[in-house]
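Chain by chain, the residues run as shown.
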Amino acid sequence: MANTSKRFPQGFLWGGATAANQLEGGFHEGNKGLNIADVLPGGKERLKILQSPGFDFEIHEDKYTYPNHEAIDFYHRYKEDIALFAEMGFKCYRMSIAWTRIFPNGDELEPNEEGLAFYDRVFDELHKHGIEPVVTISHYEMPVYLVKNYGGWRSREVVAFFEKYVKAIFSRYKDKVKYWLTFNEINSGLAMPIMGLGFSIYNEEDKYQGTFQAYHHQFIASSLAVKACHEMIPDAKIGCMILYAPTYSYDCNPENVMYALQEGRIFNNFCADVQVRGEYPTFIKRYFKEHNINLDIQPGDLELIKQYPVDFISFSYYMSRTEKKHKTAAEQGDGNIIGGIKNPFLKASEWGWEIDPIGLRITLNEFYDRYRKPLFIVENGLGAKDTVEADGSINDDYRIEYLREHIEQMREAIEDGVELMGYTPWGCIDLVSASTGEMSKRYGFIYVDKHDDGSGTLERKKKKSFYWYKEVIATNGEKL
Ligand code: BGP
């Protein structure tokens, strides 16, 4: 008999998601070291830099602005912000720890007490309001020192520094944090090497070799994190985090179907297969051969990866991708961050991200069919420009519509049999955009008075979606 209840499962984790470098600010405070995000300029150049092979990782104040240096000042305003999350009824809050607050350069012998104490205060504040922290260990913020001196994830030495960082935070927060995520959007390094893999000098010739060697190191680091988590916090769960975009064939031409399958497997499944199944997928062997990739795999690596897969799968979902083997320049999509061609059935956001709620149901089913592990949607949302009306209200009906349509598809997927743990829409409070470095691409239920040129009072205001989401949570998804 069909389940007619519109409610979500009991204990469903409704919440919101952010990342340290996009909201904290205080980039020099508390002995924090520089991370990649601290040296990435805002504005037009940013996306080009992210997708390009090389970058000098210096701060050039005369030439660029660095929006995350102040960001939205969560570093000083976390109490006020957490109180607003609590008012919406958040059951959980996804956030990240900045590695450089704990180990400013990345290779110190001892962790930085001021950094540790900051997150203690944040976790205590969350628990005071009954909100469960969901913590990303590494969200696009490798220490610049490790990039410059070791070459980022291409260096095997970085694995040990990461393991040390992970053990330091597990040991400190073992009683406060029970949900951990390893690397944010680990597969994004395939499209954006700087953020995903922390490369310093990276050239076209060794693009494939360098990228996949770096991935191998991240996979070892992921397994070491799972091992440490299970040993140090037996009642905690640790997941991977994948940027998922279901990949459609443009038409039923088998050539295009095969092409879409191959593109989708590399982008969506390669990292997840290793982190979840604990082994390199069979299809990657041919890919490695064709791209002349010879991984340096040391004795014990594959056993470690096999022994310590993640407990659950978290992922971000913003868009689907449509592919065709031979595409013309005119067919190329102009905004979808992971490429593909324009899908004639879909509308796109102002930034060209194609809006596809059914794609979320497809994603949930594809994940669950393939891995049979609990799923957690830890990012989803609409980046849009908001207008503050004369009376101070912000009527973001477009955002409500976007979220409602996606939540409806989540409900369908649960009916399909998918095990879904929770939902944390991205940027629950306006913050700096990762791809543009700007404030005007807003996702929040809470508006922050801060603008692309850095001006603004940083005052927080509740948007219309704030009240809507509050009711969604209060009714456990029954009232959308
Ligand atoms: C994901 C990142 C986030 C976030 C989000 C929205 O890729 O994990 O950090 O920023 O996308 O992207 P953007 O800010 O570019 O709109």
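Residues numbered from 1 in each chain as written. Predicted model: local features only at pLDDT ≥ 70, side-chain atom pairs only at ≥ 80, totals over all residues.

**Focus: the pairing of strand 2 (residues 92-96)**
- For strand 2, the buried fraction is high: five of the five residues fall into the buried class.
- Residues Cys 92, Arg 94 and Ser 96 line one face of strand 2 and the alternating positions Tyr 93 and Met 95 line the opposite face, and both faces are buried.
- Where strand 1 (residues 13-17) lies against strand 2, three bridges are found, and the strand directions are parallel. Paired with Gly 15 across the bridge in strand 2 is Cys 92.
- Relative to strand 3 (residues 132-138), strand 2 runs parallel, the two being bridged by five bridges. By the bridge assignment, Tyr 93 is partnered in strand 3 with Pro 133. (Buried ≥ 20, exposed ≤ 12 C-beta atoms within 10 Å, placed from the backbone. Helix = DSSP H or I, 4+ residues; strand = E, 2+ residues; numbered from the N terminus. Pairing = 2+ DSSP bridges.)

**Topic: the site of the ligand**
- Contacts to the ligand come from 14 residues, most closely from Ala 19, Gly 383, Ser 433, Ala 434 and Ser 435.
- Classifying every residue of the shell around the ligand by side-chain character gives four nonpolar, seven polar and three charged. (Near = placed C-beta within 6 Å. Nonpolar A, V, L, I, M, F, W, Y, C, P; charged D, E, K, R; others polar.)

**Things to note about the nonpolar core**
- Ile 36, Ile 97, Val 135, Ile 242 and Ile 313 are the most contacted members of the largest nonpolar core, which totals 130 residues.
- Per element, the largest residue contribution to this core is 10 residues, and it comes from helix 9 (residues 207-232).
- Residues contacting Ile 242, with those up to four places away along its chain left out, are Glu 185, Ile 186, Asn 187, Asn 268, Cys 271, Ala 272, Ile 313 and Phe 315. (Core = buried A, V, L, I, M, F, W, Y, C linked by C-beta atoms within 7 Å. Contact = placed C-beta atoms within 7 Å.)

**Considering the environment of Lys 91**
- Secondary-structure assignment places Lys 91 in the loop between helix 3 (74-88) and strand 2.
- The spatial distance from the C-alpha of Lys 91 to the C-alpha of Glu 157 is 38 Å, given a sequence separation of 66 residues.
- Setting aside anything within four residues of it in sequence, one finds Lys 91 in contact with Leu 13, Trp 14, Gly 15, Ile 131 and Glu 132.

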